[in-house]
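# Working through the structure, step by step
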Amino acid sequence: MTGTLSPETVRPDTLADAPLSIGGRQFRSRLMVGTGKYRSNGDMVRAIAASGAEIVTVAVRRVDLDRTKEEGVLYHLSPDRYFLLANTAGCYTADEAVRYARLGREAGFNDFVKLEVIGDRETLLPDTEGLLAATRTLVREGFQVLAYTNDDLITALRLEEAGCAAVMPLASPIGSGLGLINPYSIRTIKRRLSVPVIVDAGVGTASDACLTMEQGVDGILMNTALAEAADPVAMARAMGLAVEAGRLAYLAGRMPRREIAVPSSPTRGMLE
Amino acid sequence: MSIAVTINGETRRVPDPATLLDLLAHLGLDPRTVVVELNREIVRRPRLGETRVADGDTIELVHFVGGG
């Protein structure tokens, strides 16, 4: 005899998450990926496809006048398939970042910018004063600003107040692969902000991505974890699954932690 | 005739008269994938064909490359 609770009554696809909404645009994937440092363009294209990401970051740089063919990233990634998010990586002042953001917008795909104003060459930690100044200018100019910042609540609140479309605190320094250093700060930032919180930088492997999503953040942006993996395509797939798993676990609500054991099988009904 | 301009930090002699669109063609660049800054001001694509290059101009030609 079969009970009424058959496994068919649970359909995993009905557990699907709401789309991620940033700056008035909706995205299905909560994983965003960069396009830098891959060993080959083939690796990059295959890894990005395997990750399931829709938002893909790119940098603005001078054209190499002596090697003008096949060099731009658009040669390999179609803007019809991916949402290209220009960054201001490598900028150390607000003015410089604003200049790069304008150039990125002029490339003609959207008004979004991943704003970085770096304060220190060794740690690549953000210059929060410059970041706020650049945010205010760019918001006035109609940009949707996604601001790369540290895991400091006060800066995150000020960035939101300045009009950021999303705030992007780091898990750990850019390219470090150290994982989520301060889950408490990230959770606090997520709890206190209304705009999406995307953790950007520092994730090294799938467990880092899963743990980060379990804090309740809206998404993760990563680059080096894929580009420097021995097999970037396999790691990209792992990251896609980890982001989804972490998100679903967060929505599911985890059990409490206890420092004692509690049996899972009945203690009654044992044989004499 | 030619004039001297600074393109991406390098001094180059380019034909004169020339518009920015001519300059891109001269350098073998596709105007759809390059953004042009002339003396620190962005020149939007529709205006490339009507903007003349002058002796001493500083021109930046940028595009998207891989980045995080």
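Residues numbered from 1 in each chain as written. Chains lettered and ligands numbered in written order. Predicted model: local features only at pLDDT ≥ 70, side-chain atom pairs only at ≥ 80, totals over all residues.

### Here we look at the overall build of chain B
Of regular secondary structure, chain B possesses 1 helix and 5 strands. When the helices and strands of chain B are listed from N to C terminus, the series reads β-β-α-β-β-β. Against the globule reference of 11 Å for 68 residues, chain B gives a C-alpha radius of gyration of 12 Å, in line with a compact fold. Looking at the 68 residues of chain B, the share that counts as buried comes to 25%. Counting only contacts in chain B whose residues sit at least 6 apart along the sequence, the fraction spanning at least 24 positions is 50%. (Helix = DSSP H or I, 4+ residues; strand = E, 2+ residues; numbered from the N terminus. Rg over C-alpha atoms; globule rule 2.2 N^0.38 Å. Buried ≥ 20, exposed ≤ 12 C-beta atoms within 10 Å, placed from the backbone. Contact = placed C-beta atoms within 7 Å.)

### Brief notes about the overall build of chain A
Counting its secondary structure elements, chain A contains 8 helices and 10 strands. Expressed as a percentage of its 272 residues, the buried residues of chain A come to 43%. Long-range pairs, those at least 24 residues apart, make up 62% of the contacts in chain A with a sequence separation of at least 6.

### Observations concerning the interface of chain A and chain B
The interface of chain A with chain B comprises 27 residues on the first partner and 20 residues on the second. Take the side of chain A that touches chain B: its biggest share by element is 6 residues, from strand β4 (residues 55-62) of chain A. Of the residues that constitute the side of chain A that touches chain B, the class distribution is 14 nonpolar, 9 polar and 4 charged. Note: β4(A) against strand β5 (residues 58-66) of chain B, 5 bridges, orientation antiparallel. Along β5(B), the bridge assignment pairs A:Arg62 with B:Val62. (Nonpolar A, V, L, I, M, F, W, Y, C, P; charged D, E, K, R; others polar. Pairing = 2+ DSSP bridges.)

### Considerations on the pairing of strand β2 (residues 10-15) of chain B
Among the 6 residues in β2(B), 0 count as buried, and that is only a small part of the element. Counted between consecutive antiparallel strands, the loop separating strand β1 (residues 2-7) of chain B from β2(B) contains 2 residues, among which B:Asn8 sits at a positive phi close to 50°.

### Overview of unusual backbone geometry
Peptide bonds are, in most cases, trans, and in most cases residues other than glycine have a negative phi. Looking along the chain, the bond that leaves B:Asp16 and enters B:Pro17 is cis, with omega of 0°. Its location among the elements puts B:Pro17 in the loop between β2 and α1 (20-26). One non-glycine residue, A:Leu124, lies in the positive phi region at around 55°. Structurally, A:Leu124 is set in the loop between β6 (112-115) and α3 (128-140). Of the residues examined, A:Leu124 has 18 C-beta atoms within 10 Å and is grouped as partly exposed. At B:Asn8, a residue that is not glycine, the phi angle is positive and equals roughly 50°. Of note, B:Asn8 is situated in the loop between β1 and β2. When the 16 C-beta atoms within 10 Å are taken as the criterion, B:Asn8 is described as partly exposed.

### Comments concerning the nonpolar core
Among soluble globular proteins, nonpolar side chains are generally buried collectively. Counting residues in hydrophobic clusters, the biggest one holds 91 residues, and the most contacted among them are A:Leu115, A:Leu146, A:Ala147, A:Ile198, A:Ile220 and A:Met239. For A:Ile198, the residues in contact, after removing those within four places along its chain, are A:Met32, A:Leu146, A:Ala166, A:Met168, A:Val217, A:Asp218, A:Gly219, A:Ile220 and A:Leu221. (Core = buried A, V, L, I, M, F, W, Y, C linked by C-beta atoms within 7 Å.)

### Some thoughts on the pairing of β5(B)
The sheet contact formed by β1(B) and β5(B) spans 2 bridges and is parallel. Bridging across to β5(B), B:Ile7 finds its partner in B:Ile59.

### A closer look at the environment of A:Glu122
Residue and element names in this part refer to chain A. Inspection of the secondary structure puts Glu122 in the loop between β6 and α3. Take Glu122: there are 6 C-beta atoms within 10 Å of it, and that puts it in the exposed class. Taking the C-alpha atoms as reference points, Glu122 and Pro173, separated by 51 residues in sequence, lie 9.8 Å from one another.

### A short note on helix α2 (residues 94-106) of chain A
With 13 residues, α2(A) ought to run about 18 Å at 1.5 Å a step, and its terminal C-alpha atoms sit 18 Å apart, in line with that. Among all positions of α2(A), only A:Ala94, A:Ala97, A:Val98, A:Tyr100, A:Ala101, A:Arg102, A:Leu103, A:Gly104 and A:Arg105 are buried. (Expected span 1.5 Å × (residues − 1).)

### Thoughts on the environment of B:Val36
Residues and elements named next belong to chain B. Looking at the element boundaries, Val36 is found in strand β3 (residues 35-38). As a C-alpha pair, Val36 and Leu21 span 15 residues in sequence and 9.7 Å in three-dimensional space. Discounting residues that sit within four places of it in the chain, Val36 has contacts with Leu20, Val43, Leu48, Ile59 and Leu61.

### Some words on the confidence of the model for chain B
Close reading of the predicted structure is inappropriate where its pLDDT is low. All names here are of chain B. Per-chain confidence: chain B averages 94 in pLDDT, with 100% of residues scoring 70 or above. Across chain B, the secondary-structure element scoring lowest on mean pLDDT is β2, at 92, and the one scoring highest is β3, at 97. For this predicted complex, the interface confidence reaches an ipTM of 0.94, while the overall pTM sits at 0.90. (pLDDT = per-residue confidence, 0-100.)

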